[in-house]
Number of protein chains: 8
Amino acid sequence: MRDILDAVATGEVSPAEAEAELRGYARSGAGRFDAAREARTGIPEAILSEGKTPEETAEMTVTAVETTGSALVTRADDEAAAACRQRLAEEFPDADIERDGRAHTLVVHAPSYEPPALDATVTVVTAGTSDVAAASEAAVVADEMGATVEFIDDVGVAGIARLFDRLDEIRAADALVVAAGREGALPTVTAGLVDVPLIGLPVSTGYGHGGDGEAALSGMIQSCTPITVVNIDAGFTAGAQAGLIARSVSAARAEP
Amino acid sequence: MRDILDAVATGEVSPAEAEAELRGYARSGAGRFDAAREARTGIPEAILSEGKTPEETAEMTVTAVETTGSALVTRADDEAAAACRQRLAEEFPDADIERDGRAHTLVVHAPSYEPPALDATVTVVTAGTSDVAAASEAAVVADEMGATVEFIDDVGVAGIARLFDRLDEIRAADALVVAAGREGALPTVTAGLVDVPLIGLPVSTGYGHGGDGEAALSGMIQSCTPITVVNIDAGFTAGAQAGLIARSVSAARAEP
Amino acid sequence: MRDILDAVATGEVSPAEAEAELRGYARSGAGRFDAAREARTGIPEAILSEGKTPEETAEMTVTAVETTGSALVTRADDEAAAACRQRLAEEFPDADIERDGRAHTLVVHAPSYEPPALDATVTVVTAGTSDVAAASEAAVVADEMGATVEFIDDVGVAGIARLFDRLDEIRAADALVVAAGREGALPTVTAGLVDVPLIGLPVSTGYGHGGDGEAALSGMIQSCTPITVVNIDAGFTAGAQAGLIARSVSAARAEP
Amino acid sequence: MRDILDAVATGEVSPAEAEAELRGYARSGAGRFDAAREARTGIPEAILSEGKTPEETAEMTVTAVETTGSALVTRADDEAAAACRQRLAEEFPDADIERDGRAHTLVVHAPSYEPPALDATVTVVTAGTSDVAAASEAAVVADEMGATVEFIDDVGVAGIARLFDRLDEIRAADALVVAAGREGALPTVTAGLVDVPLIGLPVSTGYGHGGDGEAALSGMIQSCTPITVVNIDAGFTAGAQAGLIARSVSAARAEP
Amino acid sequence: MRDILDAVATGEVSPAEAEAELRGYARSGAGRFDAAREARTGIPEAILSEGKTPEETAEMTVTAVETTGSALVTRADDEAAAACRQRLAEEFPDADIERDGRAHTLVVHAPSYEPPALDATVTVVTAGTSDVAAASEAAVVADEMGATVEFIDDVGVAGIARLFDRLDEIRAADALVVAAGREGALPTVTAGLVDVPLIGLPVSTGYGHGGDGEAALSGMIQSCTPITVVNIDAGFTAGAQAGLIARSVSAARAEP
Amino acid sequence: MRDILDAVATGEVSPAEAEAELRGYARSGAGRFDAAREARTGIPEAILSEGKTPEETAEMTVTAVETTGSALVTRADDEAAAACRQRLAEEFPDADIERDGRAHTLVVHAPSYEPPALDATVTVVTAGTSDVAAASEAAVVADEMGATVEFIDDVGVAGIARLFDRLDEIRAADALVVAAGREGALPTVTAGLVDVPLIGLPVSTGYGHGGDGEAALSGMIQSCTPITVVNIDAGFTAGAQAGLIARSVSAARAEP
Amino acid sequence: MRDILDAVATGEVSPAEAEAELRGYARSGAGRFDAAREARTGIPEAILSEGKTPEETAEMTVTAVETTGSALVTRADDEAAAACRQRLAEEFPDADIERDGRAHTLVVHAPSYEPPALDATVTVVTAGTSDVAAASEAAVVADEMGATVEFIDDVGVAGIARLFDRLDEIRAADALVVAAGREGALPTVTAGLVDVPLIGLPVSTGYGHGGDGEAALSGMIQSCTPITVVNIDAGFTAGAQAGLIARSVSAARAEP
Amino acid sequence: MRDILDAVATGEVSPAEAEAELRGYARSGAGRFDAAREARTGIPEAILSEGKTPEETAEMTVTAVETTGSALVTRADDEAAAACRQRLAEEFPDADIERDGRAHTLVVHAPSYEPPALDATVTVVTAGTSDVAAASEAAVVADEMGATVEFIDDVGVAGIARLFDRLDEIRAADALVVAAGREGALPTVTAGLVDVPLIGLPVSTGYGHGGDGEAALSGMIQSCTPITVVNIDAGFTAGAQAGLIARSVSAARAEP
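Notes on the structure in this doc start here. Everything numeric here is computed off the predicted structure, so don't read it as measured data. (Residues numbered from 1 in each chain as written. Chains lettered and ligands numbered in written order. Predicted model: local features only at pLDDT ≥ 70, side-chain atom pairs only at ≥ 80, totals over all residues. Heavy atoms only, no water.)

Overview of a negative patch on the surface
Together, Glu-55, Glu-56, Asp-77 and Glu-79 of chain A line one region of the surface with negative charge. What makes Glu-55 of chain A exposed here is its relative accessible area of 55%. (Patch = residues over 30% accessible without salt bridge, like charges linked within 9 Å, V, L, I, M, F, W, Y side chains within 5 Å. Areas by Shrake-Rupley, 256 points an atom, 1.4 Å probe, with all protein chains shown as cover. Salt bridge = Lys/Arg side-chain N within 4 Å of Asp/Glu carboxyl O. Lys, Arg positive; Asp, Glu negative; His and termini not counted. Charge placed at Lys NZ, Arg CZ, Asp CG, Glu CD. Buried < 20%, exposed > 50% of the residue type's maximum accessible area, 1.4 Å probe, protein only.)

Overview of empty space enclosed by the protein
Residue and element names in this part refer to chain B. Under the defined criterion, the tally for this structure stands at 18 cavities of 30 Å³ or more. Computed from the structure, the largest cavity encloses a volume of approximately 100 Å³. Surrounding the largest cavity, 10 residues form its lining, Glu-38, Pro-44, Glu-45, Thr-68 and Ser-70 being those nearest its centre. Where the lining of the largest cavity is concerned, the elements lending two or more residues are α3 (33-41), α4 (54-68) and β2 (70-74). If one sorts the elements of the lining of the largest cavity by residue count, β2 sits on top with three residues. (1 Å grid on protein atoms, 1.4 Å probe; cavity = no way out; pocket = protein on both sides within 12 Å on 5 of 7 lines; lining within 4 Å. Points joined across faces, edges and corners; volume = space filled by probe spheres on them. Helix = DSSP H or I, 4+ residues; strand = E, 2+ residues; numbered from the N terminus.)

Thoughts on the relation of the copies chain H and chain A
Mapping chain H onto chain A is achieved by rotating through 180° and translating by 0.1 Å along the same axis, at an RMSD of 0.2 Å. These values place the two chain copies in the arrangement generated by a two-fold rotation axis. (Least-squares fit on C-alpha atoms with pLDDT ≥ 70 in both.)

Structural notes on the interface of chain H and chain A
Contact residues are listed per partner, giving 39 residues for chain H and 40 residues for chain A. A per-residue breakdown of the area chain H buries against chain A is headed by Asp-195, Ile-221 and Pro-226 of chain H, which together make up 19% of the total. Here chain H and chain A share four salt bridges between them. The partner of Arg-253 of chain H in a salt bridge is Glu-255 of chain A, with the nearest N and O atoms 2.9 Å apart. Here chain H is connected to chain A by 11 residue pairs in polar contact (both at pLDDT 80 or more). Listed by contribution, the elements that provide at least two residues to the side of chain H that touches chain A are α3 (33-41), β8 (198-202), α10 (214-221), β9 (228-229) and α11 (235-254) of chain H. (Contact = heavy atoms within 4.5 Å. Buried area = accessible area lost by both parts, 1.4 Å probe. Polar contact = N/O pair within 3.5 Å; in protein donor to acceptor, adjacent residues only side chain to side chain.)

As for the sheet that holds strand β1 (residues 46-48) of chain D
Residues and elements named next belong to chain D. Taken together, four strands build an open sheet; the order of strands is β1-β2-β4-β3 and the sheet is mixed. Every other strand in the sheet has two partners, leaving β1 and β3 (96-100) as the edge strands with one partner each. The sheet shows a mean angle of 15° between the axes of neighbouring strands, taken without regard to direction. Two elements, β1 and strand β2 (residues 70-74), share three bridges in a ladder whose sense is parallel. Paired with Ala-46 across the bridge in β2 is Leu-72. Strand contacts of helix α4 (residues 54-68): β1, β2 and β4 (105-109), with the helix running at about 150° to β2, the strand carrying the most contacts. Across the sheet, helix α6 (residues 132-144) touches β2, β3 and β4, and the angle it forms with β4 is around 15°. (Pairing = 2+ DSSP bridges. Axes fitted to C-alpha atoms, helices over the stretch in contact; angles between N-to-C directions.)

Digging into the environment of Asp-233 of chain F
By the secondary structure assignment, Asp-233 of chain F is in the loop between β9 (228-229) and α11 (235-254). Remark: the alpha-carbon pair of Asp-233 of chain F and Leu-217 of chain F, spanning 16 residues in sequence, is separated by 9.9 Å. Apart from residues no more than four positions distant in its own chain, Asp-233 of chain F is found in contact with Arg-75, Ala-134, Glu-137, Leu-201, Pro-202, Val-203 and Ser-204 of chain F together with Tyr-207 of chain H. Here Ser-204 of chain F takes part through its side chain, which lies 2.6 Å from a polar atom of the side chain of Asp-233 of chain F.

Some thoughts on the packing of helix α6 (residues 132-144) of chain A against helix α11 (residues 235-254) of chain A
Residue and element names in this part refer to chain A. Remark: α6 packs on α11, axes separated minimally by 7 Å, with the N-to-C direction vectors making an angle of 35°. Taken as a pair, α6 and α11 cross one another with a handedness that is right-handed. Contacts from Ala-134, Glu-137, Ala-138, Val-141 and Ala-142 in α6 reach Gly-235, Phe-236, Ala-238, Gly-239 and Ala-240 in α11. Its residues placed into classes, the contact of α6 with α11 shows seven nonpolar, two polar and one charged. (Left-handed = near helix turned anticlockwise from the far one by under 90°. Nonpolar A, V, L, I, M, F, W, Y, C, P; charged D, E, K, R; others polar.)

It is worth stressing that arrangement in space is one thing and function is another; only the former is reported here.
Below is the structure:
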């Protein structure tokens, strides 16, 4: 700030220019909305399709590509995905569109967009097939942030031997997202076997008392091995924080 | 009932006698209170010391020994145990008194009392040292019901290898009680490795969200491997039902 | 393990073979997935139709029959059941298919499959007609595990005399599953009258405060007579643990 | 109102007198505070000792006796009761003081006080000894309202035969209060056997999930036989409403 | 019982006859199911249409009329009501059918049925129009039990003057059911103004925190004037207990 | 900001001064901590004594008086109040100290302090004596903010006529705080009778289900007449917002 | 009242007239229902369309216009709005109809209706686009009460700089409604920056633990800066209380 | 494993030696207990003093130092700390003991112990002084894991400018732990301004609805900017996971 003010004092910068600059600084994180979010927090701004009409989702997707060159749409059903494809075909016929049906995501890259590339790995682990949707959402966002993403599924504690067979791969990660529903024990068991930052992702399976993921969440929160946790089905959040860890590690690797 | 009525018709039994008999039958479970409970349900009537003065506990203990030849006192602190010993020293100087400080129990056998002996094993497993009180209560009641009781402690999932080291012992049980607090994952993991009836016993460790055993309870209730569950810290209940299973198995073994 | 290693030392077994064998041992419980679960835990692997498309259910059913010779499908509506029948008609035209409409189950046995047969009885008791679905699911799984299954329905505590009329039958069981919704009092009352292992199965009837089975669950968990409990509507879990008790008793009966 | 206004019109009543009268009518329930409550609602105003110092309780007790000739103190420990006795000895040496140690109540009648007497019976039933405090509070308030009060204790459902032995007495009541803790099943079972208005009184026994009376409350609220319910440990409320029923029946009996 | 046994002793009664009699006594409440419920508890057995197909409801309605001469169907939508009318037109063309669209009930009386008639009044009070469904259900069951039923609606506390205008009518009741949703304050306010037994009926209006009737229920349970409470929307329960009070008062009036 | 920058450009203000000014502006609320909070939000910074040692409370009180000329201590027991008095006697022997024992507050004014004076009234209403602590805390903070404060107590809905007697006084307020525990119905009833902004203050009375103020909170949140609400026992919050309303009204009155 | 009684005494007013007058006074708030509510509480009576058929909503709308000259319909979907328009076209062809699609409201003014006009501003602030429905409902009701309404949207704390850009506008309000979902932090942050009465409006966004607005509600209730709160999505309540504050300020401004 | 088996085949390794080796591998995580935990998970094994006697804590502390050369005691009050010092003075007179009174921790290093040193920073941020205990616990564990730890306190959202003043320091961290109680908004606001992995640590301040940290936890779980979360007051967990991130970053920095 002092530099700008010195420049104003010397006349190098006009008061009007200084005001723009200083306000810009004051709000450095916000700037022009969408682009700024990613620049400020390192996490791409996602378009949550759930609760929007297919048309609204498509409209926001086009806007995102216009502004930032890319778009990440989450919780998009087939109808919303189709609406996006149609609008994109008109507006950005050359854009690269990747639909992940399990994750219910749509990732769009304009030809000019240069996606980030990190020298670090996020590994996503699931207890069973019903954890795939939330876990895949985590994988997509980490991938979009540039991490190398590995996916290890169906290693739940009901048949614990499956986990041991994959331990070397799991230990090789720079950050782990471990998804589980029902009683949600897999993150606890895994964290007792590895020395990698680990994010528990509770999944909304289960019924009756503690159903809809509440038992999994409270179990992970009470885990006797220290782990961090995100909300039930919050794949985006888990992937984004794992992506931030990968980003830090990658930057450290790149230091001379 | 028909036999008694036939006997009344033939005069073998007087109507007054028959009434006593029939009422006794009708209320076969209640009859003389304490003795009947055990006869009817196979589970000893316990004296819950918690919420009673030491004197009240001691008084009920003496009554139990008078009526049934034995007494099982639970959740008894040292003061209550001392009061019991004092009263018993006066009334039943020859009684055998066994105090389990970890389980907070006191077991009393009059010299004449012939404890049941079952040809079956109940194995009680704990995740960590803070589960010992509830688990020991389960062990004491199964022991009092006549089962051979094995105790395997500190095999929690934070260091899963400890569990594998003891698997053969665990598999040898006729019934399992598996105690765990915090996230309560041990019963789930164990049940995925054995083919023995297994009762999950959640323990009131943990704090914050899902603390006081609620996370453990809801996790066990949601277990992805089928197990049965009892209330938080309900060692008596877990031990009693495990004891009933041991009783059935023992009876089956004794069949010609 | 020592045997294998001795064999390697003597050259009887090649290192590669030993590795396969040892890894198999290390993961003895998992092996080839479906078959192993039942071998390891004594409980058949069920296909939960709820949350799957009819086609997915049918596909997994065929796979299960291929792998293990049998399949147990739960929470299958009529559409799912029809899809299974159609696929099975193509793949296993000789398979024996049993549909239980009340339990919403489908049980499939290939001609070559030899179902287990236990010398022990599981008795399933219900308070009222709305408990039948969960109770029947318990009955089907116990039956599939080989137990003799008795079903006593509509003996709820609102008309307690109905329970007394059936007490002798109830007392004859080797393991009891007692299902009840609303206030869920039947397992407590029953457990005060019998000396048989008893599993309370809360059912998701009721509305308002404590509705959807929560009052029944917490009531059973607080039962003043010791019982074990499973989750709301968890008929599979109750039947599986009752089946394990029957299995133990049957094995004891078979001991010389 | 018209009568008063007519009287004003004819000059029989002065406007000032009429205003007093009409305001009195408008606030007929409040009038002079303590006396009015009982006149208006038929339920004596009680002094809740819990949360007050012994001196405060004693002070309010003296005020109550001064104003209404009687006092009903609830949840009074021994210290509070002693403070009351001391103040009453000074102020009302001839008052009749009845202390119920189980109910933690103190009832005071000045010599001039004429207690109500109803020709109707309130019967208070308990499941076990830990229900006695709340149940006794209900009994004391019904007694103070003039009902004949019967007390039947320890007939809980763990030994259901005890209940059947007392059914005739229970059926003879004009209103029932049935107290139970833990799973709280006794009111449901009782209501299925009698045709008398029945109020369930949940008691704060039990621990863990559904403890502190919550399981009992939700069980009674879900009761499959229709009953009404009061809050946990709300003996005063249960006794007061049972007393109102007795009052109505007694008045009906007294009709010519 | 002694009488029967004396008769057996003297040969007046055969043992077989005595057994039937005694068993009948032992199960006096159950006898033949439907009829017995009402005889034993004074409350008609209702057919809950909710959760049944129209055909099932119609089938049970016909059975009820066959057995007891009357039927009370609750929570019946128009489709269920039509199915009942159709079946009844075939089986009991002369039956009297009364449909209450607000209460969602259907009451059927065979020509031979003599409904009870009580000399007592149940008054049902509502806070607003959204309470009408639950309140009407209460009114219908009290009416079916023979009480004179008065209905006073829309006197909620948001405009408290409306309540004062109807106080005389409310005070004239022998039993009150007061229904309210949202914050559920009406029963508390009313109970402070009358000396009649009062049952609070919380209604499932409201949204957000404490919605679906939970705020109303907990408010009534905490009421600073003593009232009894039933479950959310439990109009049947409220009406049945109010009907029992009316029955007792009516019987008292009929005493010579 | 432009003015400052213009001044820098013209040399009227040095860059260093401008930086201080601009940073000060940017953080106008924080500046020197305590003083700034009140300047920014209009609400005095309170010292919450609960959870602090008497010495810590006294220390912070002295600091507050040093910085702002006044101090407002809340939830101070007698010991904390004494510690404050002792320290203040040393440091500010001339300060004016006002202790409100019911509110558990201590208000300190240095001789130089000029308290605000508003031309507006905050009226605090309570349902009963147990609401006095929270209500008095609200009154103290509104008074400290300069409002004229009226206190109307014991007008709860159990005797609704008391409320009507005070309606004119209540209607004369510029802002209302209405405190109630148990079922918390008073704010709803009051809001239906007045056209003044009204803040409901739930109080932590009551026990059992919905106890500790939860029923009162959810009832006020569901109020069928629109009111705003604060947390249970949050007298400070209620008084502060009522004080802000009084401040706005007073400022409006002072407009020319 | 004395005046009327004096007039009766002098014969100026007949007793019948006086009765009408006095009863009218006694029920001054209720009188003829709809009109009286607004007169008494300053808040317009709204018609909640949710839970009503389009026809019922339209019918009540016509009645409201007939009685009071205006109508405010809330939570009305397009179908309900169309039904209202159709009925109004028949009955009040000249009425002014304003539909707010975001707020789901319909405001109707008969030509003769003179809407209130206040000299005060209510500013409604939202954290994001999903808060618009509830916030707009608040805006509509404050507008209908005559306040000048400003709307500032999308200034949530995820990009806090947006809030700072609008602070001057926010500070200029006479009353604030701040809407936020998810973690609901915006009202807390805003209240730390302004000295205006502020009402937090939690919105039912979010999923999993604390979803449906519960986290937002409890966060606002726990706010470390004092604010008042309304129920989740209770835009009407927030707008009505903000309107009352504006009304008080406007009246103060109008004082001579 | 293949290497060992090859060696057995060639006779280099005896079968007995191989068995030891392979078993050791199979249980690599457990081995000798305490040391292994840290080796396996990278997190030091802590001794939780809460719930233990001072003597027990001291005993376990000595054991830890004996086994691993260091000890980390958490939630140790002054009495426990004194007991540790006394025992350590006897057993390890040269050990370095560091007591953090705010964190309630005790860290012990034997002279021979070489603590890890990481080239990475963990920054712990607090909203206010009541968050210091939990935040300090996080700081101590991260420090013990070798991270450089920065501590920035009292930057809560009630005075948001304080946060902006420290943003540069916060952005410089490799991992952030942000602690907050009450409504817990600080982590959300912070995460919107930085691109560093961020762990929210809810603190058990607050009372009434959402008190004891539940509002803070659910708010962080619902955060509209992606963050991970740990249990209420779980400083150890937050610090351990932040430490693991620092460890990964440090290792990446050390890569050639």
